[in-house]
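# Coordinate analysis (summary)
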Amino acid sequence: MRAALLHAAGDDRLDIRDDVTLTPVGPSDVRVKIRATGVCHSDLSVMSGVLPMPLPVIPGHEGAGEVVETGDQVTSVRPGDHVIVNWTPACETCASCVRGRPYLCTTYLVQSFSLARFRFGGDTPAYGMTGCGTWAEEIVVPWQGAIKVDPDVPYEVAALIGCGVTTGVGAVVNTAKVRPGTSVAVIGCGGVGLAVIQGARISGATRILAVDPLTSKHEPAMKAGATDVCTPDRLAEAVTALTGGQGFDYGFEAVGRSASIMSAWQATRRGGDVVVVGAGAMDDLVPLSAFSLLFEGKNLLSSLYGGSDVRRDFPFLVNLWKAGRLDLESMISARIGIADLNDAVAALRGGEVLRQVVLFD
């Protein structure tokens, strides 16, 4: 089968090849034919080494497809079912799962660093990003990593729900629990940032400021539900004009950099919530003083995978999309084939695109 392979962190180009195979399906595994997969900044972070993964690795974690084979112990799905890939499968027995925080489960994530599901060039092992590797025509995942979805949901829509939309909307409704009538600032208007904006709109926020250095992203942000837009150099001015200098009730960071986390912090009022959504580097330290952490009374929150239980939240987001309250199609800036992935990665590095989606036959 065809797949895009990264041999070493820092490589500028992927090795797109046709000789990739899968290991056999185990008793509790599901084999999925990928129909659509997103090109996400987290994939770019794997290529650059910001997010460490075992190598060689097939990137891709935001995907949807059709079940083609199941193990003997699998009862949740069957061949022919449409599924969204869950890149953080929950084991359902660890402390995080028992506490009702399946998004913190690391059982299968840890396993993915030692379990190479792919082979290429004969018998050379390769890993899948977070145990997935959706930049391949087929993948094998634990049954918890394949969540059934209604067959009338287009694969490209389902793929976006697999990561970016769940991460962004979930940060609003699960992590921050944004209340109607409140104000929100969103730093970063890529795919996840737009999902945050939509989540804020759906939650009833009445003032939503979208902040991005690329003015080309301001119009999509307004379409998603932002009431105001600005570039980072005008943020302080916007805080004064829109909140009287008090600051926003919620500040969301959707970039993954310490500088943008600080921007969200500075844009948020005393006692407000600052929510970190972007995936940053391990050596990028946030320069918050102990004085500010205590006396400004702000809550600094992390939102991993939108704090979601995907068994609940994937159907919730699908229903929002069906009701016309969640616009996912407009978030797709390009539909491409797997042969175009290197160009898609270059475009993502350039920053102008939103979500590019790879469609498989």
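Residues numbered from 1 in each chain as written. Predicted model: local features only at pLDDT ≥ 70, side-chain atom pairs only at ≥ 80, totals over all residues. Heavy atoms only, no water.

## Here's the deal with the nonpolar core
In terms of nonpolar packing, the biggest core is built from 99 residues, with I197, F252, L326 and L328 touching the most fellow members. When residues of this core are assigned to domains, at least three fall in each of domain 1 (3-162 + 327-359) and domain 2 (168-304). L328 has contacts with V157, L160, I161, V165 and W321, leaving out every residue within four places of it along the chain. Counting residues in each nonpolar core, the second largest holds 13 residues, with A185, L209, A238 and A267 among its members. (Core = buried A, V, L, I, M, F, W, Y, C linked by side-chain atoms within 4.5 Å. Buried < 20%, exposed > 50% of the residue type's maximum accessible area, 1.4 Å probe, protein only. Domains from an automatic or database assignment. Contact = heavy atoms within 4.5 Å.)

## With respect to the UniProt feature "domain: Enoyl reductase (ER)" (unreviewed entry) in the chain
If you check UniProt for "domain: Enoyl reductase (ER)" (unreviewed entry), the listed places come out as residues 10-359 in our numbering. Secondary structure content for residues 10-359 is 30% helix and 25% strand, and the end C-alpha separation is 26 Å. (UniProt positions renumbered as here; feature names shortened; annotations may be inferred. Helix = DSSP H or I, 4+ residues; strand = E, 2+ residues; numbered from the N terminus.)

## Describing the pairing of strand β4 (residues 29-39)
With 8 of 11 residues buried, β4 is to be regarded as a mostly interior element. In this structure, β4 lies alongside strand β10 (residues 138-142), joined through 5 bridges in antiparallel fashion. Bridging from a neighbouring strand, K33 pairs with E138 of β10. Relative to strand β6 (residues 63-70), β4 is paired through 7 bridges, and the arrangement is antiparallel. Counterpart to K33 in the pairing with β6 is E66. Both β4 and strand β19 (residues 355-359) contribute to a ladder of 4 bridges, which runs antiparallel. Each residue of the ladder has a partner; that of V39, found in β19, is Q356. (Pairing = 2+ DSSP bridges.)

## Structural notes on a nonpolar patch on the surface
A cluster of nonpolar side chains, F291, L294 and F295, forms an exposed patch at the surface whose accessible area comes to about 370 Å². The residue L294 is located in helix α10 (residues 290-295) in this model. Since its relative accessible area comes to 60%, L294 is described here as exposed. (Patch = residues over 30% accessible without salt bridge, like charges linked within 9 Å, V, L, I, M, F, W, Y side chains within 5 Å. Areas by Shrake-Rupley, 256 points an atom, 1.4 Å probe, with all protein chains shown as cover. Salt bridge = Lys/Arg side-chain N within 4 Å of Asp/Glu carboxyl O.)

## Concerning the environment of S114
In this structure, S114 sits in the loop between α3 (107-111) and β8 (118-120). Distance from S114 to V275, taken between C-alpha atoms, is 32 Å for residues 161 residues apart in sequence.

## Overview of the sheet that holds strand β14 (residues 228-230)
An order of β14-β13-β12-β15-β16-β17 is seen for the 6 strands of this open sheet, with the pairing classed as parallel. On the outer flanks of this sheet lie β14 and β17 (299-302), each paired with one strand and no other. Within this sheet the neighbouring strands show an average axis-to-axis angle of 20°, counted without direction. Across 3 bridges, the pairing between strand β13 (residues 207-211) and β14 is parallel. Each residue of the ladder has a partner; that of A210, found in β14, is V229. Running over the sheet, helix α9 (residues 258-267) touches β12 (183-187), β15 (248-253), β16 (268-276) and β17 and is turned about 150° from β16. (Axes fitted to C-alpha atoms, helices over the stretch in contact; angles between N-to-C directions.)

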